[in-house]
Each structure stands twice: as C-alpha cells, then as structure tokens.
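# A closer look at the structure
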Amino acid sequence: MSADYESDYFMRSRKVRDKPPLWDSFQDPPAKRTSGSDADWKKLQFFMKVFKLFAYILVFGVVLASSVAAKLVYLYMAGNTNGEREVQMCSKYLLLDGQVMAMRSKLEQIAWVWALIFAFAAPELFTFLRALRISMFKREQRPSGLEVALATLFELLHVVGLALLTFTVLPQLDLTRGAMLGCCVCFVPSLLNLLTGTRVQWKSADIFVYALSVLAMISQATVFFIWPAMSAQLEVQLLAIPLLLVSFRWWENYANTHETIAYIIRTIRFTRSRYHTYLYLAPLKIIVFGLMGFLLHGQDFREYFKLFLKAWQTHLIRLTSKDTLNLADTINGSSLITATTSSQFSLQSNPNAVIYALLSQVGAAYLCHIFGKFACKIKIQNFSYALPLNLATPVTVCVATWLSQLRAADLCSLHGLVPDYLSLQPLGQNLQQLGSLSLDYALWLWPLWWLAQLWTCLHIWRPRNDKNAPTEKLYVCPWYCGLLVDQCSMMNRRILDWTDEYLAFKSDLTAHGDAKIDMAADIHASRNIQEKDKIPQLIVCATMWHETEEEMMEFLKSIVRLDEDQCARRMAKTHLNGGKADDEYYELETNIFFDDAFVLDERHCQNKRNPPLNEYVKTLIRTIDKAAFEIYGVNIKIKPPLKIETPYGGRLVWTLPGRTKMVAHLKNKDKIRHKKRWSQVMYMYYLLGFRIMETEQLSARRKAVIAENTFLLALDGDIDFQPRAVQLLIDRMKAIDELGAACGRIHPVGRGPMVWYQKFEYAIGHWLQKATEHVIGCVLCSPGCFSLFRASALMENSVMKRYTLVSSEAMKMVQYDQGEDRWLCTLLLKQGSRVEYCAASDAFTHSPEYFNEFYNQRRRWVPSTIANIFDILSDASTVVKKNNSISTLYIMYQAMLMIGTVLAPGTIFLMMVGALVAVFSINIWTAFLWNFFPILIFLLSCVYLKQKFQLLIAFVISAIYCLVMMAVLIGIIVQMLEDGPLAPASLFFLLVAVQITISGLMHPQEFLALFCGVIYYITIPSMYMLLMIYSVFNMNDVTWGTREAPVLRDDGEESPNDPDNYLPGWLNDSLLIDSELGEITLVEQRFWKDLIRQYLKPLELSKEQKQTMADDLKELRNMFAFAFVMVNAIFVLIVFLLQLKKDYLHLKWPIDPTDFVSFDRDNLQVGIYRQYKELDPIGLLFVIFFGIILVIQFIAMFFHRFGTMSQLLATIQLDWFRSNSQLSDEDAVLELNGSAVHIARRLQRPKRLFDDDDADSHHYDELEVDQDNHRESMARRQTIFRLHETRNKQQSDYSDLVRNFERRFFSEDELNMKNLPLSRKSIKLFQERRSVAKTNAAGTPTLNASRRPPQVPPLAKKVSFINNNVQIYDNESQY
C-alpha cells in the first residue's frame, strides 16, 4: 500500500508563528533515553552477536566433524561384512611371534550386516514416528494413488541402489576409494541440473555456464567406466548400477521449472501430505533394504534371524599364527633351511565394537542433520552448512587414507580404538604402493568428481528460505539418508521455495478436463502475480476509547517509530538498493478506530449532524506532535489532519513524517454500533472486504496472494512497542503459511503492588503456559493489545462472517462480547489456522493499578475464557480434524487445565485449612471454620450486595489472607528445616520454586519479575478463590469494567437550550480549524451504508428486550454459580472427610524415613523401629495431577526457548569481521545493501534540539566521548548563548523525513561516514551510487538538491477543489 501522496498534501506553506519572547525561550528537550519497549536491547544485541559468533563456529565444527565421522564409520562397517578377506592382526598384545591372521566368523559378519540395516533404519524410524504423530493427531490430506506410486518408485530405486553399494561394492574396495565414491552419487541431479536447473540458478545463463554443467555431468559419468574397466571383480564392474539408482532420490528437487514434468511434481510434492505416504513407505524401505542386505551378503536367509542374538554376544574369532624357523644343515653346515609352521588359536570378540560403531554412526548422522537444519534456520547456511558439507568428502578421503595407511604401517597403532581383528582396508601397504595404485586406479580424477558435486549442489550457497522456516520448506524429503548424510543434506536442500510460482499448492487441481490445459492455465495465472503483491502490507488497527494522555503518548510514539522504520526502508529501496527491497521491507498504514468519539448529550450538542468531539479525541489530536517531539527531539510540524465526514461519523487523516498515513475513524454511536468487537468487524470488512475484494482490476489469484501477505496489527490504545517486535511477528507469518495469528510477549507497566502481581503473573503465564500451548498445540488466545493477524485467515469461512453475529443469548453474550479477542482466535482455530506465541516480540501495556479495577477486568476475562475453552473442548473432534496443530493429547491437556481452573477455589480452600493446621498447630475443624466463615460472608455479599461492597469485602479478606500466607510461608520454611527437604510437602514446594527459578534464568531479561513472586504467593487465596467467586457471581454484568466514562448528570441548574453550554461541532473545532475538508468517494460511501445496514446498525433494544436479556443473564449467572459452588463444595467435602480419616487412609512416603531407638527398662530390651512420613491419597493425587502439568510446561518451555533463540539469532547481523583487502565487489554490494536501511535511517533522522545543522557535525547518534570532562562542563555553559542563537537563526524544517534524506543525500557536502559499519570498498560503492543519483537528479528539471517531486500512486483518485477546499479521499487505489 503506497505511502506517497500529492505534493500539496505535505509540501505546503505553513502558518508563520511569532517567535516567543526571550523570557519564555527556555527549552525542555526530551532525554535520549530508551523507553520500556527499548530497554536493554543494546545489551541483548551485543550478547546475541557474541552468541551468533559462537554458533557460527560450533555449528561449522559439528556439521563437519559429524558428517566425516558418519561416513568413516559407515565405510568401516561396510568393509567388515566381507567374509572372504583375512585380516592381519597385531601380535604384540597376543604374546605371539610371527604373523597372526584373523578370519571373520559368520556371527561377526551377521552382526555387521544387522548394524548396517539398523544404521539405515534409524532415520527411517524417525520419519515413521513423525509421520505417525502427524497422521494421528493432525488433519492431513490423503495422498493419491499416483502420488504414492511415484514416491514409492523413486524411493525404492534409491534403497536398492544403496543396498547394492553397501553390501557389494564397498566391501570390495579400500577405505580411500570407498570415501571417494561418496561424491559420485549425483548423476541424475547433475543431468536434471543441466536440463532445467541452470535457468533457475543463473538468470542469464551463457555458454560458459552450460559448459560447466555439461562437464559436471560427464565427470559424474566417468566413474561408471573408469574403475569397472580396471577391476576383474564383478561387484566393481557393476558400479554404475548402484550409483545411478542412489541418485534417483533427489530428482524432484532438480526438476524444478521444466513445464513437461511440472504437473508430475505438483502432483507428488505437497508440504505434509507426503507424511501419509511415508507412514507406509518408511517401514517398506527398511524391509527392502534388509532383504537386499541378506540377499547380497550371501548367507542363508534364516540364519540372520536364528543367529541374531548370538551375533551380538561374545563369540570366538579364529586366529592363525604363522612362524618361520631357521634350521642349519648338519651335513655340510653351510646351507640354511627355512620352515614355516602354523597354529590355530581362538580369540573372544568384543560385542561392544559393533554397538559403539552403530551408535556413533547414527548419532553423528543425526547431529549433522539437526545442526545443519539449525544453520539454515538462523541464516548462517553459507559458512556453517554449505562450507562444511562440501569439505566433508575431501576431509573424509584424507582421514580415511591416513587411518588405513597408519594401520598398514603399524598393526598395533589403533589398538585402543579399533579391535585388531577388524579391517581398515588400505589402498596400499606403504607409501610407494599407495602412489602407484593411485595412478593405476586413476584417482587423480577424484577432484573432478568432487568439483562436479560442488557445481551440482551450488544452490546451497544461495539460500532463499525465510528465517526459521519449517523443515518442509527447507528439505524436499522430510528426513535424511543416514549412510550418505552429507550428500543427502546438500541435494535434499530445496533449490526453490515450495511456494514459488507454479507450485500453487493451495489451488486444487481440476477434477475434470485436460490436465495439461489446466496446468498451463494455472502457470499462466501464477505468472500474472506481480512482485508488489508479495510485499507484506502491514495495516495497524488500533481501538481506542477512554485512554489517558500518557497511554496515548506511548501508542503514538510506537506508531512514529514504525513510520520512521518504514520510511528508512523505502528510502533504502528507492535510492540505495536500485529499487530492490530488503528482506524485511513492508508497506505501512495506521488506522485508529475511536469508539464513542463525540459528545451526543443534547445539553452540549446543538447539531446532531456536526456533534462536538469528546475530550479523548482532542487529547489524541494534541498528543501527536508531542509524540513526534519525544521521538525526534525536535519540534515536528505535522500538518493538521484532513477531516472527512463519513456515514459512521468522521475521519481524520494525518501524514506522518515518514509519509505514511494515520487515519482516525471517529465513531458516532448513534450511527454505528460501538464497542471493541464491532470496531474489529468494521476494520475487517473495510480493509479486507472493501479494499481487497472490491478491487475489480485484480484477478482472484492476485487477491489471494495479496490477502496472504496482508497483515493486520491489532493494538490497544496504550501499547508500547518497537518496529523490530512487529518485524519478528511478520517473520513468523512469512515462515509458516498456515499461521493465522501471532502474539508477542506482553509486559504490564504501572505502579503499585497490583502491577507487581501482574508482572509475575504475566511472566509465568508466558514462560510456561503460552510456551507450552505453542509447542504442543496452538495458543488459544492472541491478545488484542498486540497481535498480528493474516488477512487470508480472517477471510476464511466462518471467521469474519460469524464474528458479526449478534449475541442474542446470555451465554453467547458472555463468550462473544466479554472476550472478543479469545473468541476471534477460537474461530480461527476451528477453521484450521495456527496461532503462535513469539517470545522475542516485546510489547508493553498499561495494567490496572488498583484492586477494584483489576477485579473488574478479570471479572470480564474469566467467564469468557472458560466459555471459549469449553467451546473448543465440546467440539474437540471437529477442531482436531480441521486444525493441523491441535491433537487429541493437546485437548486432554486443556481439559486438565479446565478441571484445575474450576476446582481452584476448593483446592485453595483445602490448602489454607492444611496450612493453618500445620503452622498454628490447631485442630482441623477450627482451621476449617476459620476459612469457611470469610468465604461464606463473601458468597452472601456477592448474592445480595452491590459490586462496590463486594469489592470492599474482597479487599479486606484479601488483606487478611495476605498476612496468613506470610505466616504460612514462614511455617513452611520451619517445617522444611524440621522434616527435611525430602518430605512430601517440602519436596513439592522446592520443585515448584526451582522450576520457576530456572524459568526465570532462561529469561534473563525478565529475571527481576521473580522478585514479584512474593506478592503473587501471598495473594494466591485472593486471586484463585475470591476472584473466581466474584467473577462467577457477577457474570451477568457485561459492562467493560475499566476506563468507564463519567456520566454527565443534569443538576437542574443548567438550561438544556442555553447556547453557552453548546460545544462547537467537530468540523469547526478549534483544534481542526486549519484542517482541510475532504470527502470519500461515492463507492466507499455506498459501502459504509451497506455495511452499517447489514452488520453495524446500532442496537436499539426496547425496555422489554433489555429486561429479558438482563433476566437471562441473571438466570445464567444463577445456574453457573450454583453448579460452581456445588462442584467445589462436593470436592471439599469429599477431600475433607477423607482427611479426617487420615490415620486409616494414608500411604507411607518411602523417601527419608526417621529411625528411632527405644529402651525398655523393665525387660531390658532395645527396640529399633523406622517411622515413615504419611502421605494421604488425595494429596498424592494432587501431586501427580499438578506435577504432570508442571513437567509438561517445563519441558515445553525449553523447546520454546530454543525456538526463540533461533529466531533472535536469525535476525542478528554479525558485522564485526571485515577484510577490506579481500572483499570482492559482490561482497561490497551485499554489505552495502545490508546496511542500506541503517544508512537511510541516519540520513533521514531530524537533528535534535540544539544540534548543529552543518553536514560535518555529528549526528545525534554519533556522539563522541570527550577526552576532557572540561569540554562537557563548558558545553553546558553555552546554553544561554545557544538559546539566543537558536531564536535568531532560521530553523530548518525537519518534519518530512523524505526531504531530510534527499537534502543530505543529494547535497554537495561530504557525508560523515566514520561510524558506519562499512568497509572502504562499500563506502566507495556508496559514493558512486550517490554520484549517479545526483547526476540523474540534476538531469530532471523539477529536481534539485533540496527538493524532489512527490511520488504519486498511478491510480490515485484524489482531486482537489480549490474554491471550496474539498478533497476526494479514496483508498481503492492501493492495489
């Protein structure tokens, strides 16, 4: 969506303001401090850079070492399956003289054959388990017969070839040649790369590129003839067959753009539908590989199973010792006779050798795959993935040659590493023989084979994936081939992203008709998609009502920062990157939907058609300039907004300094339905229904692509965030296509104990609960204060349409209107969209600071939460069927949480009874009564008293419980000292405390929230018992509860018709006196009238209808309250009665018993007995129930933290190491393009108050540290002088960031480049681009160094009427 508008909208003459008198010339510039959303980011950024540097080195080392180790062990295992070859052993440790030869037994060979089968089966088992989990717990498309047949055919060809290579070829070769064969399995990919892939990787492929592809294919083919021609062994002569068959596995990754096979690829390549195929294919591959191994090895088929257990146990190895004797001739005494004697021995095998080799091979291959995938996710693929994988084969050849030759030169050299009776077959017995055989076998051709593999896998040096892309987007096949892990990792890595062009997976194939015609039509439609359709369109949708100026200030500062960021990216794209957008580029528009924006009281409103603005809207208008001043440190003169009358009220349109627009939609509750949900309906239908669907010049495919890349950022009016937080959410959207919504980490801000409580509550809620939902299922609620929604997900069936339903029933009113954000997420989940939690995306929101406000907020949240979760649980089968991310196990987890929530008051009540008994040493009935009477009083107050009295009683009881909980805490500590830490209560308390502490350590930026845990602990009875009771008994109250506006009352002293009481209409308001008047188009007017008539007409209920709804709500309240009380009462009664029989019903705690010694004086007997601590069964059930939940959350938290770390590492650019001398021109271009946004941001930024305006002065963020503190003190003494100078000096206007950038970029002055993180070659390239831009600007008549013509969208429909000062305002021209 374009952010450029007509020249007269931002290039205008401003009203000249009188200079203030000197006595009023003192300034208060904003301090250069970070806000809550920006706190500690620099420290975190430095830490993440250090960690990413460590990740570069670690991942590189692990990938290289594991790939080499996996290949070496594989060759070692395959070489020991050859039973025809004798192995010369080291006789030193056998205390034998002469040559000792070992012959492999049948059991030894069978063990190695099974080990190779297990090594091949390990990744296939992983594939099967993943496919089983997804097929059972996810909704996946069933594969077609053709898909199963094609996938099975090529996979089985690969398996047969791999079995032939493993059991026939490699056992006949030495380690060196076996290692060289690793890079000879690329023939089919090299052939397809020649035919189709070259055009993709090289956009302007010339004869040289095609020649290299031909040479690569020929090089791969030479191995089919060279070695077979030099060998008399049949296994080696048939070498071409296994190598050719093995290479078939990766065919589809290279057949990427050839139209004749595009239909076949599209038929078989889906994101996850293949998992159904692999559910059957993975076991089939294991069976085929095993059968081929048994067949090729040559033993009787039945013996592999009969001797299986014996083969893995100790068995005898037959040894033959050959001694040479010198016998002197006794007749002449001059001749020497030599005699050779041989003897047979037996040696016990080492069964651990096979097990260690198997585990090493499987573990190394797994590490290579996992760390390689991690490198691709965090965008370090070139150094830590492509480089080590390409180096793996040469390093393997070198290490294999060195080890085998070392063993050949000294049989005892590897005695502690490899058993002496196992083979490491060398190429030659000495260096001379090694050299001659290398020439005989033409091993000098091996570098050509390796270079051919390098050329064929060149795509891994050019990664195109998004940050933290899922496995399906990184690899064609879901897992890896464990025996050829390095080659598989390279050729299985996707060349093209699966969403590119012809791979339109979301489009169903036509059931009838010519497949070729359908395919051609689909490809043609895909080609009509323009690049601008794929650019993320970020539309900020904020809802406001009664926010304070401080809250609005935080929101507006966030919007100004976002506007600055988008402008910098636009300037970098336009002027520095040659029109190419960076990976994080987005278009921006801000919309504010202001509920109840007008004063409609007849005593103050004279004309209903032009009602006055309320004070909250006026606060917004006044605060915009202040927010810009806080961000830029200079007075920003934002033009007064364009004011437009609309069918729903009014509209104010600002152009922000970065030339993005901010639109405030002022809702008149007499014209359109008010409240937050209806504001959301309003912007969904306007932004998605009207501005996307009603655009006639767009095809259906283009609309679908635009909807996929359009994101609504739902905000509250008090939110504080940074642009990078939004970018992280957009990254998740781009990485996961089925993601419908994503929320960030919400931090409460404010003052007082209630805020401290919420800090800890939000912390553990995000650390444990939301992280667990993200990992094992889906986040159930994406809060409306800071969430990103995908437009296409909202436009799905039964989402937007159903969101417009009017709550005609009491239960629906609670579910729909009391928690609209949660209900919207429920609709998304039911339609199959995924909702995620991004912990790295931080946002800060104002939280209730007072007890009553907090209780009223949660009074609204609790019933809606329970209602929406119950809705999902009641329709669990449908949700599991439709949503890929929700499984039956996840539903069971949510059911456990629901049970815990409902029984929370009863649980806390019993906990308090037990705590009073333990701490104050009173009997259980007394403790029961002490807790029962306060709860009874509060229950009666909730039934008979008004809310203000309920809250007063709740506050008093909460204060008393806080004191009791402090005593309980001290009592628990004392009891732990007496009973020891291994007592049941002590152990559970410590485990929970340790879990929370570790969670805090895993979130170092939020560690201080742990100190608020004391407030959380002492308020547990209030929040989990009293608050639940208050929420249930007041669920009939559907008011908002927070930010309620004061009601104007008629005191009888003012006359309704007194003209002095009337406020000016909003079009004539003094704050908008300089604003221009505009109009919306007739098409948009018709849309708003139709939308209001259809969905948003104000609800006009009669007194009878209101009374009926109130009665229904009370009836619902009574029903739920009765059920809630009865369930908890029965639960408490059962547990309490069982507790009374504790002496009979208890279990012995087996840990840490106490031993006693007694002495009977009468009988002179010493008695020794052991006393166990008692654990009642109910307590054990509690421990098991909550323990399972805590363990699940703890494990899920670790997985989520790893994902968060990966996301942060993917966004960090490491720019510490630069070599100016070795930097190529291409590297300089990449470096400059990577820093273009940073350069643009600095060039467009206004100079802060009192900063010099010359080009050589330091920028506000280029501060230098003075060596002498005296300079700083002297600078402070210049204040009076600079006040005079500033007042008399003509001030530059920095209100337009685009003009700021162009004024500096096109000026003749040299720019200060000292602090830019660029090499000299990149700076030179920047200066060249700047010179070219200035030359082009000089050639344009309307362009000069200080001013450029505005960029106007080609389809803009704005028209100015100068006579009546009216502008036509239309948003249809965005596409």
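Keep in mind it's a predicted model, so treat the numbers as computed, not measured.

Turning to the overall build of the protein, a few remarks are in order. For the protein, the helix and strand inventory stands at 49 helices and 19 strands. When each of the 1375 residues of the protein is scored for burial, the buried share is 54%. In the protein, the share of contacts with a sequence separation of at least 24, taken over all contacts with a separation of at least 6, comes to 81%. Carbon and sulfur atoms make up 61% of the accessible area of the protein, which totals about 62,900 Å².

Our next topic: the side chain of arginine 834. Note on placement: arginine 834 falls in strand 14 (residues 834-846). With relative accessibility at 11%, the residue arginine 834 sits in the buried group. Of note is the side chain of arginine 834, whose polar atom sits 3.1 Å from the side chain of serine 885. Here arginine 834 is in contact with Glu738, Leu739, Gly740, Ala741, His774, Gly777, Cys778 and Ser885, once residues within four sequence places are set aside.

Now for the packing of helix 33 (residues 851-874) against helix 41 (residues 1020-1033). Viewed as axis vectors pointing N to C, helix 33 and helix 41 meet at an angle of 70°, and their least axial separation amounts to 9 Å. One element, helix 33, and the other, helix 41, form an angle in the roughly perpendicular class. Along its contact with helix 33, which presents Phe851, Phe854, Tyr855, Asn856, Arg858, Arg859, Val862, Pro863 and Ile866, the element helix 41 presents Ser1022, Met1023, Leu1026, Leu1027, Met1028, Tyr1030 and Ser1031. Of the residues that constitute the contact of helix 33 with helix 41, the class distribution is eleven nonpolar, three polar and two charged.

Residue aspartate 596 is not a glycine yet carries a positive backbone phi of 50°. Looking at where aspartate 596 falls in the secondary structure, it is placed in the loop between strand 6 (587-594) and helix 24 (615-632). Unusually for a residue other than glycine, serine 798 sits at a positive phi of about 65°. If you trace the backbone, serine 798 turns up in the loop between helix 29 (791-794) and helix 30 (800-803).

Here the focus is helix 25 (residues 676-693). When the terminal C-alpha atoms of helix 25 are compared, their 24 Å separation across 18 residues agrees well with the 26 Å that a helix rising 1.5 Å per residue should span. A bend of about 25° at tyrosine 685 is the largest found in helix 25. Among the 18 residues in helix 25, 16 count as buried, and that is most of the element.

Now for helix 17 (residues 381-409). The terminal C-alpha atoms of helix 17, which comprises 29 residues, lie 40 Å apart, in line with the 42 Å expected from a rise of 1.5 Å per residue. For helix 17, the principal kink sits at alanine 392 and spans about 35°; a proline, proline 394, occurs within the next four residues.

Rules used in this analysis
- Residues numbered from 1 in each chain as written.
- Predicted model: local features only at pLDDT ≥ 70, side-chain atom pairs only at ≥ 80, totals over all residues.
- Heavy atoms only, no water.
- Helix = DSSP H or I, 4+ residues; strand = E, 2+ residues; numbered from the N terminus.
- Buried < 20%, exposed > 50% of the residue type's maximum accessible area, 1.4 Å probe, protein only.
- Contact = heavy atoms within 4.5 Å.
- Areas by Shrake-Rupley, 256 points an atom, 1.4 Å probe, with all protein chains shown as cover.
- Polar contact = N/O pair within 3.5 Å; in protein donor to acceptor, adjacent residues only side chain to side chain.
- Axes fitted to C-alpha atoms, helices over the stretch in contact; angles between N-to-C directions.
- Parallel < 35°, antiparallel > 145°, perpendicular 65-115°, else oblique.
- Nonpolar A, V, L, I, M, F, W, Y, C, P; charged D, E, K, R; others polar.
- Expected span 1.5 Å × (residues − 1).
- Bend = angle between axes of the 7 residues up to and from the residue.

Read these as layout, nothing more, since geometry by itself doesn't imply function.
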